[in-house]
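Listed here are the chains, written in short residue letters.
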Amino acid sequence: MRADRLVSLVLLLRQRGRMTADQLASELEVSVRTVLRDIDALSTAGVPVYADRGRHGGYSLLPGLRTELPGLNHDEALALFTAGSVRAEKVFGLSTPLASAMRKVIDALPAAQQASLGDAARRFLVEPETDLLSRRREVESLADGVMSEVRRAVLTGHRLSFSYPAPGGAASARTVDPIGLVTVRGHTYLIATRSGKDRTYRLSRMATAEVLPDLALRSAHVDLGRIWAERTAQFLAEGHLDVSVRVRRSRRDELLNTARAVRSEESDIDGWARLEATYDDLRHATWALWQLGTDAEVLKPEAVRQALHEQATALVARYEP
């Protein structure tokens, strides 16, 4: 790991010129003391790292060895660079290694290609935190160490133990055979088996996680796309409430954010859409669809229409002049 960090340090100085110890520490996600030790190690090894003293000082690097990738064209490099800008939760906690890899790719490009790539990449923005209506994306919050332990169990093929709450109950220890990781709309799920039965767990609900020394009982070959489709179908078949609803297209994303799933969607007249959405129960459906006000209309079931009617009637009574 230190060798990779030393390479990343050299590439940062090559690509950005003079940088302070604080800036390097922030980029490499280490302490300033570690950066100073790494710089001493590089100098001892003969890498020309120079310290500029004073108020505007820092560390810089003279032009050194270079490895070019002449076979990588501009669009290929741009695709890699753009992929590296996607938010960290989309790459299963691999944002730091991804940033390091992108520095190596950029440094390996011919100088002329580097110059045009930087300007081109700045003109692409992938998955900003808010949309045009200033609605913030939901950011998944994971307990410390959970992602790294789960990822390690999946990749090494070992069993995983973690603390996970039961529906409406306290957290308890679970031991599973991990199969793979899936990220959907900002949420990460562990596909696994427990005592031979299919299970799906949301990482944000795990309080702790630990890789066990025992090897996982799983097939050497996996088709996560097929497995996820099967789990989705199973989830939709398990006692949830299906609601047919019309919604203005301007509020469609809000409906998607509160529904558990959407079975189908088709266009309706005058900028509306018609969806078949799935909710946990009547209370969940009533709460979610109430947020949309008159920009949504429940078509069925009648129980949801009645619940919304009663809630609206009670509100009118409360504020009647």
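See the structure above.
These lines cover the structure that appears in this document, whether it is placed above or below. One numbering rule holds for all chains: residues counted from 1, following each sequence as written. Given that the model is predicted, a residue must reach a pLDDT of at least 70 before its local features are reported, and side-chain atom pairs must reach 80 or more before they are shown or counted; all residues, however, enter totals for whole chains, interfaces and linings. Derived side-chain values reflect all non-hydrogen atoms in the structure, with water molecules and hydrogen atoms excluded from consideration.

**As for the packing of helix α10 (residues 282–290) against helix α11 (residues 302–318)**
- Here an angle of 0 to 180 degrees is reported between the N-to-C directions of two axes, which are lines fitted to C-alpha atoms, with helices fitted over the stretch in contact. What counts as a helix is a DSSP run of H or I of at least four residues, what counts as a strand is a run of E of at least two, and both are numbered from the N terminus. It is the contact of α10 with α11, at a shortest axis distance of 10 Å, that shows an interaxial angle of 55°. In this view, α10 runs oblique relative to α11, as classed from their interaxial angle. Where α10 crosses over α11, the two elements pack in a sense that is right-handed. Of α11, the residues touching α10 (which contributes Leu282, Ala285, Thr286, Leu289 and Trp290) are Ala303, Val304, Ala307, Leu308, Gln311, Ala312 and Leu315.
- Just so you know the grouping, Ala, Val, Leu, Ile, Met, Phe, Trp, Tyr, Cys and Pro go in nonpolar, Asp, Glu, Lys and Arg go in charged, and all remaining residues, Gly too, go in polar. Grouping the amino acids of the contact of α10 with α11 by side-chain chemistry returns 10 nonpolar, 2 polar and no charged. Reported orientations rely on four angle classes, namely roughly parallel under 35 degrees, roughly antiparallel over 145, roughly perpendicular from 65 to 115, and oblique for the rest. Crossings are assigned a handedness: left-handed for a near helix turned anticlockwise from the far helix by less than a right angle, right-handed for a clockwise turn. Contacts: residue pairs with any heavy atoms within 4.5 Å of one another.

**Here's the deal with the pairing of strand β5 (residues 187–194)**
- Exposure categories follow from relative accessible area, calculated using a 1.4 Å probe and restricted to protein chains: below 20% of the type maximum is buried, above 50% is exposed, and the middle band is partly exposed. Counting buried positions along β5 gives 7 out of 8 residues, so the element sits mostly inside the fold.
- Should DSSP find at least two bridges between two strands, the strands are taken to pair. Where strand β4 (residues 171–184) and β5 come together, 7 bridges link them in antiparallel fashion. Residue pairing in the sheet places Asp177 in a bridge with Thr193 of β5.
- Counting the residues in the hairpin turn of β4 and β5 gives 2 residues, including Arg185, whose phi is positive at 45°.
- Here β5 folds back onto strand β6 (residues 197–202), and the loop between the two strands holds 2 residues, one of which, Ser195, carries a positive phi near 55°.

**What to know about the pairing of β4**
- With 6 bridges joining them, strand β3 (residues 158–165) and β4 adopt antiparallel strand pairing. The residue bridging Pro165 from the neighbouring strand is Ala171, located in β4.

**Focus on unusual backbone geometry**
- Here the bond from Lys300 into Pro301 is cis, since omega is 5°, no more than 30 degrees from zero.
- Relative to the elements of secondary structure, Pro301 occurs in the loop between β11 (296–300) and α11.
- Positive phi is not limited to glycine here, since Ser195 has a value of about 55°.
- With respect to the helices, strands and loops of the structure, Ser195 is situated in the loop between β5 and β6.
- Since its relative accessible area comes to 69%, Ser195 is described here as exposed.
- Notably, Asp270 is not glycine yet its phi reads approximately 55°, a positive angle.
- Summarising the element assignment, Asp270 is placed in the loop between β9 (261–267) and β10 (272–279).
- Residue classification places Asp270 among the exposed positions, given a relative accessible area of 67%.

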